[in-house]
Amino acid sequence: MGIDLAEALHRRSRGLPGPRGQEVLTLSPASLEEVARESGLGLRSVEIRALQERLLPERYLRNLGTLGWEGQRRLLESCTAVIGCGGLGGHVVEGLARSGVGRLVLVDGDCFVPHNMNRQVLGTLDDLGRPKVEVARERVAAVNPAVEVVSHAVVATVDNLPALLQGVEVVVDALDTPGARLVLQDVAGRMEVPLVHGAIAGFIGQVTTVLPGDETLSLIYGGEAAPAHGAEFALGTPAPTPMLVAACQVAEVFKLLLGWGQLLRGQMLYLDLESGMVERFPILGGEG
Amino acid sequence: MAAPLIEVEVRLYATLRRYRAGNPPDGGERVLLPAGSAVLDLLAGLGIPAKEVQTVFVNRRVMAAEAVLQAGDRVDLFPAIAGG
């Protein structure tokens, strides 16, 4: 029983100019939802099936030239966790959802407060007092309903992280203290999950990718001697810095999921908006 | 007899810049110090509390603050950066 899915998708497709002006058969958000409703399948599954039929959900048309058909399908099939949904995490969630990373695990124990509003893209005045992960889940549903979100309104700890990271392929460190970040590095390493770290203070940000077994963050924060907080305690966290660093983190997630590009592994990318300095420093040795 | 002087290039970031108003963001500040000085001696000379320096790079390699400097070294000094 059921509908002929391929036929249902092909019938609704229309040609649009894609990369280099070549025609690409696309499906509008409304037609994809129609097929999902008729077939009883989830929207994410319908989009994956469409890509297998060489039909592109139109929302990904401007991804195609860079990510390709296989890359887009891979993103939709993948699962990424974002730990911390504040300044960095909010922009990361926005970027991953728009790109079509198919499953997101969101973890943050905080609710929105007024002093988040200078930079945290997911929060509006209507959201004050609401859990950040709830607001994030609604945002994703509004932007890209194909993305399946599991949200946990809890503080990530050494005890709950192993369960939260089950089935996760990449984890994004968007936390806000050295201690919490080191705990995440430890658990992610034990679970063999690659970690994309980003941190900010004032107009400076840093990004690195930690593969299982690497202890890049221990070298940066001093392991057990890690300070309670960093320079952000004095400088705060103005809007441009999380935007910039989150963008780099989203790109690292793509590279990990799709297996291309040069990872920021074992090196710290520093971005200093005060001076315009952008430079990679080797942390674990090897080529700089 | 005083030790001969060596010159190193120092770049400060974020909060550390406030200790050296003239520290140019590009190219760094040239600092003279006695041969055999360690990064810790450099910090003392610049008036930067060692506990505020989290990561020391000498010629773009991570080093301990006890590392002895050589003439012409490039020293990049960062505080901890941990905000989100």
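1. A look at the interface of chain A and chain B
Taken residue by residue, the interface counts 38 residues in chain A and 22 residues in chain B. On the chain A side of the interface with chain B, the three residues burying the most area are Ile204, Phe281 and Pro282 of chain A, jointly 21% of the side's total. The interface formed by chain A and chain B contains four salt bridges. The salt bridge involving Glu274 of chain A is made with Arg17 of chain B; its shortest N-O contact spans 2.9 Å. One can count 18 residue pairs in polar contact (both at pLDDT 80 or more) joining chain A with chain B.

2. A few points about the nonpolar core
All names here are of chain A. Counting 39 residues, the largest nonpolar core has Val82, Leu96, Leu104 and Leu106 as its most contacted members. When residues of this core are traced back to their parent elements, those giving at least two are helix 4 (64–77), helix 5 (87–99), strand 5 (103–107), helix 6 (132–143), strand 7 (170–173), strand 8 (195–201), helix 11 (240–258) and strand 10 (267–272). Element by element, the count of residues in this core is highest for helix 11, at nine residues. If we ignore the near neighbours within four places in the chain, the residues touching Leu96 are Thr80, Val82, Val101, Leu104, Val250, Val253 and Phe254. If you look at the next biggest cluster of nonpolar residues, it comprises 37 residues, including Ile83, Ala156, Leu164 and Tyr270.

3. Examining the sheet that holds strand 1 (residues 14–17) of chain A
Residue and element names in this part refer to chain A. Pairing is mixed in the open sheet, where three strands are placed in the order 1-2-3. If you trace the sheet from one side to the other, it starts and ends with strand 1 and strand 3 (56–57), each paired once. In this sheet, strand 3 lies alongside strand 2 (residues 23–27) in parallel orientation, the contact comprising two bridges. Each bridged residue has a counterpart across the sheet, and for Leu27 the counterpart in strand 3 is Pro57.

4. Notes on the packing of helix 5 of chain A against helix 11 of chain A
Residues and elements named next belong to chain A. Helix 11 packs onto helix 5 with a crossing angle of 45° between their chain directions and a minimal axis gap of 8 Å. In terms of their interaxial angle, helix 5 and helix 11 are classed as oblique. Crossing hand, helix 5 versus helix 11: right-handed. Packed against helix 5, whose contacting residues are Gly87, Leu88, His91, Val92, Gly95, Leu96 and Ser99, the element helix 11 presents Pro242, Met243, Val245, Ala246, Gln249, Val250, Val253 and Phe254 at the interface. Here the residues of the contact of helix 5 with helix 11 sort into ten nonpolar, five polar and no charged.

5. Focus: the sheet that holds strand 7 of chain A
Residue and element names in this part refer to chain A. Within the open sheet, the eight strands sit side by side as 6-5-4-7-8-9-10-11. Their pairing is mixed. Of all the strands in the sheet, the pair left with one neighbour each is strand 6 (148–152) and strand 11 (277–282). Neighbour to neighbour, the strand axes of the sheet diverge by 15° on average, direction disregarded. Bridge analysis of strand 4 (residues 79–83) against strand 7 gives four bridges, and the strand direction is parallel. Bridged to Thr80 within strand 7 is Val170. Contacting strand 4, strand 7, strand 8 and strand 9 (204–210), helix 8 (residues 178–190) crosses the sheet at an angle of about 175° to strand 8.

6. A word on the pairing of strand 5 (residues 74–78) of chain B
Residues and elements named next belong to chain B. Across the five residues of strand 5, five count as buried, placing the element largely inside the fold. Here strand 5 shows two buried faces, one formed by Arg74, Asp76 and Phe78 and the other by Val75 and Leu77. Sheet topology places strand 1 (residues 5–12) next to strand 5; four bridges connect them, and they run parallel. Looking across to strand 5, one finds that Glu9 is bridged to Arg74.

7. Description of helix 2 (residues 29–39) of chain A
Because each turn of an α-helix spans 3.6 residues, side chains separated by three or four positions end up pointing in the same direction. All names here are of chain A. Among all positions in helix 2, only Ser31, Leu32, Val35 and Ala36 are buried. For helix 2, the angular spread of buried residues about the axis comes to 140°, placing them on one side. For helix 2, the exposed residues lying more than 90 degrees away from the buried face are Ala30 and Arg37. Close packing links the buried residues of helix 2 with helix 1 (5–12), strand 2, helix 3 (43–52) and strand 3. Looking at the residues trailing helix 2, positive phi occurs at Gly40, about 75°.

8. With respect to the pattern of salt bridges
Pairing of side chains with opposite charge becomes possible as their charged atoms draw close. All names here are of chain A. Considering all chains together, one arrives at 28 salt bridges over all chains under this definition. The salt bridge partner of Arg73 is Glu77, with a shortest N-O separation of 3.0 Å. Within this pair, Arg73 and its partner Glu77 are both found in helix 4, separated by four residues, close to a single helical turn. The exposure class assigned to Glu77 is partly exposed, which follows from its relative accessible area of 29%.

Rules and cut-offs
Residues numbered from 1 in each chain as written. Chains lettered and ligands numbered in written order. Predicted model: local features only at pLDDT ≥ 70, side-chain atom pairs only at ≥ 80, totals over all residues. Heavy atoms only, no water. Contact = heavy atoms within 4.5 Å. Buried area = accessible area lost by both parts, 1.4 Å probe. Salt bridge = Lys/Arg side-chain N within 4 Å of Asp/Glu carboxyl O. Polar contact = N/O pair within 3.5 Å; in protein donor to acceptor, adjacent residues only side chain to side chain. Core = buried A, V, L, I, M, F, W, Y, C linked by side-chain atoms within 4.5 Å. Buried < 20%, exposed > 50% of the residue type's maximum accessible area, 1.4 Å probe, protein only. Helix = DSSP H or I, 4+ residues; strand = E, 2+ residues; numbered from the N terminus. Pairing = 2+ DSSP bridges. Axes fitted to C-alpha atoms, helices over the stretch in contact; angles between N-to-C directions. Parallel < 35°, antiparallel > 145°, perpendicular 65-115°, else oblique. Left-handed = near helix turned anticlockwise from the far one by under 90°. Nonpolar A, V, L, I, M, F, W, Y, C, P; charged D, E, K, R; others polar. Arc of directions from axis to C-beta.

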